[in-house]
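What the coordinates show
Read off the chains here:
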Amino acid sequence: MIKIRIIFLLLFAVSHITYAQLSTKEIAILKINMVKAVENSKLTDSLFASLNKLPNKTALITGYTGTLEALKAKHSWNPYNKIKYVSQSLKTMQKAIDMDKENLEIRFMRFSIEFYTPSFLGFSKDLVQDKKEIVKHYQNENFGLADRELVKNVAKFMIDSKKCSSAEVKLLTKHL
């Protein structure tokens, strides 16, 4: 009986270790590289390949993968591939949100993807809902694991997006 408990505890520990795929430092480096990837298709492809190899992706890693799929669309010259990548990106983002509905960063990533996608393509269906969820985080001052810089950058982006009411802008401005 003790052996079974030990095996169960080991399996439980291993399952949690496999979800802790990237350290805090590696996540910080990934965030820096994600910003660079906006203008660098080779870096986008490299980061995408690296994240795609990870087993049992966390919600945040899944969100980063979805964002990289959107960047692949940005870098593609072929209109068919652009649409294919954006479509896949939004499916991946939905998967990430389903894994962690309360994650400000994931909601923001999807909001920014849909914000920059031309509305006539019909891919911007979650903009209003994501805006509401993001604003709710600011109302409740519930930022989870988001660092101060991310909280500030999200607030600035939301204000600049012109998608927020004057009351929402006032709320977001408090966090700049």
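**With respect to the packing of aromatic side chains**
For the coordinates displayed, the defined rule picks out 7 aromatic pairs. Pairing phenylalanine 108 with phenylalanine 157 gives two aromatic rings, centres 5.2 Å apart and planes at 85°, and the pair type is edge-to-face. Of this pair, phenylalanine 108 sits in helix α6 (residues 104–116) while phenylalanine 157 is found in helix α8 (residues 148–160), placing the two residues 49 residues apart along the sequence. Neither phenylalanine 108 nor phenylalanine 157 differs from the other in exposure class; each is buried.

**Examining the pattern of salt bridges**
Within this structure, the stated rule accounts for 12 salt bridges. One salt bridge connects lysine 72 with aspartate 45, and the closest N-O pair in it is separated by 3.0 Å. With lysine 72 in helix α4 (residues 59–75) and aspartate 45 in helix α3 (residues 41–53), the pair connects residues that are 27 residues apart, well separated along the chain. Residue aspartate 45 is classed as partly exposed on the basis of its relative accessible area of 39%. With its nearest N and O atoms 4.0 Å apart, the salt bridge here joins glutamate 102 to lysine 136. Here the residue glutamate 102 occupies a position in the loop between α5 (79–99) and α6, and lysine 136 occupies one in helix α7 (residues 127–140), the gap between them amounting to 34 residues. The exposure class assigned to lysine 136 is partly exposed, which follows from its relative accessible area of 29%. Members of the salt-bridge network, linked through shared partners, are Arg107, Arg110, Lys125, Asp126 and Asp130.

The rules behind these values
Residues numbered from 1 in each chain as written. Predicted model: local features only at pLDDT ≥ 70, side-chain atom pairs only at ≥ 80, totals over all residues. Heavy atoms only, no water. Phe/Tyr/Trp six-rings, centres within 6.5 Å; stacked < 30°, edge-to-face > 60°. Helix = DSSP H or I, 4+ residues; strand = E, 2+ residues; numbered from the N terminus. Buried < 20%, exposed > 50% of the residue type's maximum accessible area, 1.4 Å probe, protein only. Salt bridge = Lys/Arg side-chain N within 4 Å of Asp/Glu carboxyl O.

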